[in-house]
Amino acid sequence: MTFSSDAQTICALASGRPPAGIAVIRVSGPQARDWLGAHIDGPALTPRMVSLRTIRDERGEIIDKALIMFMPAPATYTGEDVVELFLHGGAAIVEHALEALTAFDGVRLAEPGEFTRRAFEAGKLDLTQAEGIADLIEAETRGQKAQAQAQSDGALSDLYNVWRNDLLAALALVEVSVDFPDEADAPDHTDGPVAEKLTSLIASFERALEDGRLHQSVRDGFRVAIIGAPNVGKSTLLNQLAGREAAIVTDIPGTTRDVVEVRCRVGSHMVWFADTAGLRETEDVVEAEGIRRATRAAVEADLRVFVVEDGGPPPPPSLVRDGDILVQNKVDRLVNQTLMPESVAISALEGYGIDELLSRIEDWLKEHISASGAPVITRARHRLGIENALEHTRRAHQGLVQTVGAELVAEDVRLAGRALAGLVGEINVEDVLGAVFSEFCIGK
Ligand SMILES: Nc1nc2c(ncn2[C@@H]2O[C@H](COP(=O)(O)OP(=O)(O)OP(=O)(O)O)[C@@H](O)[C@H]2O)c(=O)[nH]1
Ligand SMILES: [Mg+2]
């Protein structure tokens, strides 16, 4: 896919798939105004005022009678002239309108994300804000929405810019000694202000990477692994959570081999539940591979739900992390009511206790996602950028301690700054732009 910053005008259906009550078609670019002039009845539109007009194609045939708004550049989303048509949301009307638009000289259909890309190129938003907008459109839960809103409002850019300013301040101090190599009072690099700044940046980067793991999960869905011995009812539990027969259930121990994942909403978050093979010693090659995968799923998950049944073995201590949830299944069969302490009693078969389990998971999610509204990293691209900045900052700090010379230290500080500049899209953008904007839907 190629984007061009040509002077072409782009158009697309910006609202959902027809049929719908209303279909919004968006047009952006230099031809938008001329197209309107040629295709609507009546006098020119007043900018930013909505008018009810008849829209015709190039042969004079009526496309629709609809509300239209014209927004002149530069105070628009893309920074260009923008027209929005609020048509009756039928497939034929939308098709007719798009045909009449693209038949006009210099007008073509937009690529995914091209409106937002133009907004980025016009300096209306930076790359992290553009990503926030893509996430906002994709958000299915309130948690995802809140995070995306903060990012599209620039919370993440602000954070990166604070870090970049700190790096610039450190750089200025280092450069003092580059400029005056023989100065007796050049900064003392091992415990002076430069080292202090770098140490505090290193701590900030590390914290952001740490927090980011969970917040990436807000965006992509939390991973909850269902772990336990064979036959305790893990697959039955998964099916109960999914509301369908996602995994095979039999009374034969060792039924599940592959990891089976289902996606469910828990409170205001998206969760991927993974059903896994029952853990036990086995000679069976296929089952052993299943158990290896189960163990990996347990380690990689954000949270583990350990399923046990009365009299069964406890979860393997090496897999248990703080906050994990213990579930005692098959309580419908329990005669003497010996419930394990700290466990959630359920009957996966009968659906008993599932709400209690879900609310425990929700509590865990709430506890682990700070409601502070602090900006957080949510994408691999950001993780990589910050890891890069961290590495250079660490090297710069090490260089200070080992007195490798101010030029080398300065270079690392500069590279750390560049890594952050790449995140907001100020430098080195060409290679990431395609990747970022192709995630968008058409019309945004
Ligand atoms: N009475 C009762 N039986 C259950 C319950 N949950 C599961 N079972 C039964 O226990 C047997 C094993 O269930 P599965 O869900 O396949 O167990 P699993 O943990 O996935 O087993 P593996 O895949 O072999 O590790 C089946 O016969 C289920 O019907 C429950 O809550 N109560
Ligand atoms: Mg199973």
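These remarks concern the structure in this document. Here the residue numbers are simple positions, counted from 1 along each chain's written sequence. Lettering for chains starts from A, numbering for ligands starts from 1, and both go in the order in which the items are written. For this predicted model, a pLDDT threshold of at least 70 governs which residues receive local features, and a threshold of 80 or more governs which side-chain atom pairs are given and counted, while totals over whole chains, interfaces and linings are taken from all residues. The side-chain quantities take in all heavy atoms of the structure and omit both hydrogens and water.

## Some details on the environment of Ala 75
The criterion, for reference: Where helices and strands are cited, they refer to DSSP runs of H or I of at least four residues and of E of at least two residues respectively, numbered from the N terminus. The rule is simple: take the accessible area with a 1.4 Å probe, protein chains only, and divide by the maximum for that residue type; under 20% is buried, over 50% is exposed, in between is partly exposed. Contacts between residues were defined by any pair of non-hydrogen atoms, one from each residue, lying within 4.5 Å.
Counting through the fold element by element, Ala 75 comes out in the loop between β4 (62-71) and β5 (82-89). Judged by its relative accessible area of 52%, Ala 75 falls in the exposed class. For Ala 75 and Lys 124, which are 49 residues apart along the polypeptide, the C-alpha to C-alpha distance reads 9.3 Å. In this structure Ala 75 touches Arg 48 and Lys 124, once residues within four positions along its chain are discounted.

## With respect to the site of ligand 1
Let me state the cut-off plainly: Residue proximity to a molecule or strand is established when one non-hydrogen atom of the residue lies within 4 Å of it. Think of a polar contact as two N or O atoms within 3.5 Å of one another; within protein, one of them needs to be a possible hydrogen donor and the other a possible acceptor, and neighboring residues in sequence only count if both atoms come from side chains. Surface accessibility follows the Shrake-Rupley procedure with a 1.4 Å probe radius. Residue values consider only the protein chains on display as shielding.
Not every one of the 23 residues close to ligand 1 is listed here, only the nearest: Lys 234, Ser 235, Thr 236, Gly 254 and Asp 332. Lys 234 is positioned such that a nitrogen or oxygen atom in its side chain is 2.7 Å from an oxygen atom of ligand 1. One of the side-chain N or O atoms of Thr 256 is found 2.8 Å from an oxygen atom in ligand 1. Here ligand 1 loses 91% of its free accessible area of 650 Å² to cover by the protein chains.

## So, the pattern of salt bridges
What counts here: For this document, the term salt bridge refers to a Lys or Arg side-chain nitrogen within 4 Å of an Asp or Glu carboxyl oxygen.
Across all of its chains, the model carries 31 salt bridges by this definition. Ionic pairing is found between Arg 395 and Asp 412, a salt bridge with its closest N-O pair at 3.4 Å. Of this pair, Arg 395 sits in helix α11 (residues 380-401) while Asp 412 is found in helix α12 (residues 406-424), placing the two residues 17 residues apart along the sequence. A relative accessible area of 10% places Asp 412 in the buried class. Overlapping salt bridges, with partners in common, bring together Glu 80, Arg 108, Glu 114 and Arg 118 in one network.

## Regarding unusual backbone geometry
Trans is the common state for peptide bonds, and a negative phi is the common state for residues other than glycine. Geometrically, the link from Pro 18 to Pro 19 is a cis peptide bond, its omega value of 0° lying close to zero. Among the structural elements, Pro 19 can be located in the loop between β1 (9-13) and β2 (20-28). Here the residue pair Ala 73 and Pro 74 is connected by a cis peptide bond, since its omega of 5° sits within 30 degrees of zero. Secondary-structure assignment places Pro 74 in the loop between β4 and β5. Despite not being glycine, Lys 330 has its phi angle at roughly 60°, a positive value. As for its placement among the helices and strands, Lys 330 is situated in the loop between β11 (325-329) and β12 (344-345).

## Concerning the sheet that holds β2
What counts here: Strand pairing requires that DSSP identify at least two bridges connecting the strands. Lines fitted to C-alpha atoms define the axes here, with helix axes fitted over just the stretch in contact, and angles between the N-to-C directions of these axes take values from 0 to 180 degrees.
The sheet built from six strands is open, its strands ordered β3-β4-β5-β2-β1-β6 with mixed pairing. Two strands bound the open sheet, and with one partner strand each, they are β3 (51-56) and β6 (107-109). The sheet shows a mean angle of 30° between the axes of neighbouring strands, direction not considered. Here helix α1 (residues 32-39) sits on the sheet in contact with β1, β2, β3, β4 and β5, set at roughly 80° to β3.

## Considerations on the coordination of the magnesium ion (ligand 2)
Short version of the rule: Any N, O or S atom lying within 2.8 Å of the metal counts as a donor, and for Na, K and Ca the limit rises to 3.2 Å; water is left out, so some sites can look incomplete.
With distances of 2.0 Å, the protein atoms coordinating the magnesium ion (ligand 2) are Ser 235 (OG) and Thr 256 (OG1). Of the two residues, Ser 235 is situated in helix α8 (residues 234-242) and Thr 256 in the loop between α8 and β8 (260-266); the sequence distance between them amounts to 21 residues.

## Some details on the packing of aromatic side chains
To keep it simple, the criterion reads: The aromatic pairing rule takes the rings of Phe, Tyr and Trp, using the six-membered ring of Trp, and pairs them if the centres are within 6.5 Å, calling planes under 30 degrees apart stacked, those over 60 edge-to-face and the rest tilted. By the criterion adopted, a ring carries a charge over it if an Arg CZ or a Lys NZ lies within 6 Å of its centre and within 35 degrees of its normal.
Applying the stated criterion across every chain yields a total of four aromatic pairs. Their ring planes at 35° and their centres at 5.7 Å tell us that Tyr 160 and Trp 163 sit as a pair that is tilted. Taken together, the residues span about one helical turn, with Tyr 160 and Trp 163 both in helix α6 (residues 155-179) at a distance of three residues. Residue classification places Tyr 160 among the buried positions, given a relative accessible area of 0%. An angle of 85° between the planes, with centres 4.9 Å apart, marks the rings of Trp 163 and Phe 205 as edge-to-face. Here Trp 163, found in helix α6, pairs with Phe 205, found in helix α7 (residues 193-220); they are 42 residues apart in sequence, far enough to count as distant. Pair check on accessibility: Trp 163 and Phe 205 agree, each one buried. Put simply, the rings of Tyr 160, Trp 163 and Phe 205 touch in pairs and so form one group of aromatic residues. It is Arg 26 that lies over the ring of Phe 115; its NZ or CZ is 5.2 Å from the centre. Note that Lys 444 overlies the ring of Tyr 77, its terminal NZ or CZ placed 4.4 Å from the centroid.

## Concerning the sheet that holds strand β7 (residues 222-228)
Read from one edge to the other, the open sheet built from six strands follows the order β8-β9-β7-β10-β11-β12, with strand pairing classed as mixed. Among the strands making up the open sheet, the edge pair consists of β8 and β12. Where β11 and β12 come together, two bridges link them in parallel fashion. Each residue of the ladder has a partner; that of Gln 328, found in β12, is Ala 345.

## Thoughts on a negative patch on the surface
Stated formally: Here a patch means residues that are over 30% exposed by relative accessible area and free of salt bridges, tied together within 9 Å if like-charged and within 5 Å if nonpolar (Val, Leu, Ile, Met, Phe, Trp, Tyr). We count Lys and Arg on the positive side and Asp and Glu on the negative side, and we leave His and both chain ends out. Every charge is mapped onto a representative atom, which is NZ of Lys, CZ of Arg, CG of Asp or CD of Glu.
Taken together, the side chains of Asp 355, Glu 356, Asp 363 and Glu 367 define an acidic patch exposed on the protein surface. Within the fold, Glu 356 resides in helix α10 (residues 354-368).

## Some words on a nonpolar patch on the surface
On the surface, Val 50, Leu 52 and Leu 67 cluster together into a nonpolar patch covering about 260 Å² of accessible area. Along the chain, the position of Leu 67 falls in strand β4.

## Points about the pairing of β5
With six of eight residues buried, β5 lies mostly within the body of the structure. Where β2 lies against β5, eight bridges are found, and the strand directions are antiparallel. For Arg 26, the partnering residue across the bridge sits in β5 and is Glu 84.

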